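Commentary on secondary and tertiary structure
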Amino acid sequence: MTRRQALRLGALGAGGLLLAGCSGTPAVRTASAPTGPRKRGGTFRFAPISTAGTTSADPLSINSGYELRFAMFNTLVAPDHQNKVQPQLAELFEPEGSNQSVWTIRLRDGVEFHNGKTLDVEDVLFTIQRLLDPKSPSSASNLMRAIDLNGIKKLDKRTLRLTLKSPNSQLRRAFAPSDASIMPVGFDPNRPIGTGPFKQTSFTPGQRWTGTRHGNYWLEGRPYLDGLEFIGFADTTTARTNAVLSGQIDGIDGLHPAQLPQISARPNLNVLISQSGAYQVFEMRCDKGAVFEDPRVRKAFKLLVDRPQMIKVAWNGQGAVGNDTGVWHEFDPAMDGSLPQHAQDLDQARSLLKAAGKDGMTVTLRTCQLATGQVESANVLVQNAKAAGVTVNLDIVANRAQYYGGQDYYTSQFKVDSDSTETMFANTAYVFTGKGIYNNTGYDNPKVNSLYEQALAATPEKYQELMHEVSRTVWDDGPWISWGRQNTVHVCSNKFTGAVQDASGRFNGYNWTEISQA
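The model shown is predicted, which means the values in this text are computed figures rather than measured ones.

Some thoughts on the nonpolar core
Counting residues in each nonpolar core, the largest one holds 127 residues, and the members touching the most others are Phe44, Leu76, Ile147, Phe301 and Trp512. Counting residues per element, this core draws most heavily on helix 12 (residues 424-432), which supplies 7 residues. Apart from the residues within four sequence positions on either side, tryptophan 512 is in contact with Phe44, Phe46, Glu67, Phe70, Ala71, Phe198, Leu228, Phe230 and Phe507.

With respect to the pattern of salt bridges
Using the criterion set out here, one finds 22 salt bridges in the structure. Note that arginine 106 is salt-bridged to glutamate 91, the shortest N-O span being 2.7 Å. Placement of arginine 106 in strand 5 (residues 99-107) and of glutamate 91 in strand 4 (residues 90-96) is noted, with a sequence separation of 15 residues between them. Note that lysine 299 and aspartate 476 form a salt bridge whose closest N and O atoms lie 3.2 Å from each other. Placement of the pair is lysine 299 in helix 6 (residues 295-304) and aspartate 476 in helix 14 (residues 460-477), with a sequence separation of 177 residues. Assessed through its relative accessible area of 14%, lysine 299 is described here as buried. Counted as one network, the salt bridges with shared partners bring together Asp336, Lys447, Glu469 and Arg472.

Structural notes on the sheet that holds strand 5
Here we have 4 strands laid out as an open sheet, ordered 4-5-7-6, and antiparallel in their pairing. Either end of the sheet is taken by a strand with one partner, and the two such strands are strand 4 and strand 6 (147-156). For this sheet the average axis-to-axis angle between neighbouring strands, irrespective of direction, equals 20°.

Details of the packing of helix 6 against helix 8 (residues 346-355)
Taken N-terminus to C-terminus, the directions of helix 6 and helix 8 make an angle of 160°; their axes are 8 Å apart at the nearest point. Regarding the angle of helix 6 to helix 8, the classification is roughly antiparallel. Here helix 6 runs over helix 8; the crossing is left-handed. Packed against helix 6, whose contacting residues are Arg296, Val297, Lys299, Ala300, Phe301, Leu303 and Leu304, the element helix 8 presents Leu346, Gln348, Ala349, Leu352, Leu353 and Ala355 at the interface. Looking at the contact of helix 6 with helix 8, its residues break down into 10 nonpolar, 1 polar and 2 charged.

Thoughts on the side chain of asparagine 83
Along the chain, asparagine 83 falls in the loop between strand 2 (77-79) and strand 3 (85-87). For asparagine 83, a relative accessible area of 8% gives the class buried. A polar atom in the side chain of asparagine 83 sits 3.5 Å from the backbone oxygen of phenylalanine 331. Ignoring sequence-local partners within four residues, the contact set of asparagine 83 consists of Arg173, Phe331, Thr421, Thr423 and Ala503.

A closer look at the confidence of the model for the chain
Any residue range with low pLDDT should be treated as having predicted coordinates unsuitable for detailed reading. Chain-level statistics for the chain give a pLDDT mean of 90 and a share of 93% at 70 or above. Scored below 50 in pLDDT, residues 1-28 makes 126 contacts in the model with residues more than four places away or belonging to other chains.

A short note on the environment of proline 48
Structurally, proline 48 can be placed in the loop between strand 1 (43-47) and helix 1 (66-72). Classification of proline 48 by relative accessible area gives buried; the value is 1%. With residues near it in sequence (within four places) discarded, proline 48 still touches Glu67, Phe230, Ile231, Arg240, Asp253 and Tyr510.

Conventions adopted
- Residues numbered from 1 in each chain as written.
- Predicted model: local features only at pLDDT ≥ 70, side-chain atom pairs only at ≥ 80, totals over all residues.
- Heavy atoms only, no water.
- Core = buried A, V, L, I, M, F, W, Y, C linked by side-chain atoms within 4.5 Å.
- Buried < 20%, exposed > 50% of the residue type's maximum accessible area, 1.4 Å probe, protein only.
- Helix = DSSP H or I, 4+ residues; strand = E, 2+ residues; numbered from the N terminus.
- Contact = heavy atoms within 4.5 Å.
- Salt bridge = Lys/Arg side-chain N within 4 Å of Asp/Glu carboxyl O.
- Pairing = 2+ DSSP bridges.
- Axes fitted to C-alpha atoms, helices over the stretch in contact; angles between N-to-C directions.
- Parallel < 35°, antiparallel > 145°, perpendicular 65-115°, else oblique.
- Left-handed = near helix turned anticlockwise from the far one by under 90°.
- Nonpolar A, V, L, I, M, F, W, Y, C, P; charged D, E, K, R; others polar.
- Polar contact = N/O pair within 3.5 Å; in protein donor to acceptor, adjacent residues only side chain to side chain.
- pLDDT = per-residue confidence, 0-100.

So, in structure tokens, the structure goes:
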């Protein structure tokens, strides 16, 4: 299974409802951010779309859920609601002058773990060693591979100096993902301890997690809630919706837009929608001997897709077309926002396939309802391909555990996936370089590999220029059809407040410290 299994979808937003393309959708109530004193106490019962697949409370585990990581742990830095990195456990995280190979980290004073232990540099060093353990590296290790474990120097109990094997101007952002959560020395995954706002009281893998507030949390006055509960549903569509309609739970993320009429009829429920960079993608296997080895075939498939139709059918119009890098300029300026939009051009698609000797080709697309509208978008692709003389057969997998389990996920020639808002830094490290830990397409372009290394060693201004070239290359030559950016739709009982729009595509960015009783 991959980091994408957790479906980083969903963000409750405060403000106007975005209903582009949703003619006939009834008006729904949207929550407003709280303006007065916050009410303390209570337990928030939430059913994230990923909890049924959350079988571990270890933040480094590929089977841990993002909702759980954000509840129990903190990172040194973290993205805010606009996807900009801000200090969290680190009060300082800076390079030494213009030298991108030497970085200093200074921790906040007085941060406590759930067991009362005070956070110090030994815990950070222990975490980094776990993250980079060659026997079981974390997904974050791909962003941190420049760190030299022998080059880490402890300056005092709160200060570390990192010396890298090669420059990395984006090192700060490498420590922002939740799978870079800070753990205490001797961390026991069976009795997980973190610095987060809630400490675990019970956990039934795949079914239910409960936590109580961390009374000595480092952020003064937080959290507002006394308790937090995550409930897993194998049926993430109908069963979860029925549960929130009946009051069995207080909120869900990843609501299908087609279910809005049901929700709008209930005066006790609010709908919140965020414009995010959460995206879905068709991935094309392109290493030697693969169906999509010829870049002309990849280009043809990018041009046979009717992206606006996919937005309409899969998301009821709740989104915007994608341009094949999985990154949007408004969320990351390192993505070249001037790239022409790939649009359906069946004549050019047929011409490219004929030139590659692939006209009239047949391919199987492996798909699953991993996220809202994923099977629906696959059905649209089948019809688009047929119009270009291509046959796409669907292999619909029953559930996400089966989809990500085993080797089929890695060896499939054509498959779907999804993720929340990402950066060019992360997507290039993870999937667009030959060494990417999640490169399951076999894409290995020497130009992209070289540009990426140059960018990491460059000044911030030069970094952006070089990454624009990376995005242009991936746009033209890459293995992805990233067809759409989703407006994430979520539901919350009006007994609770505090959630705001979040660029990540998650419910309030899964920042549980901001949620309170209304």
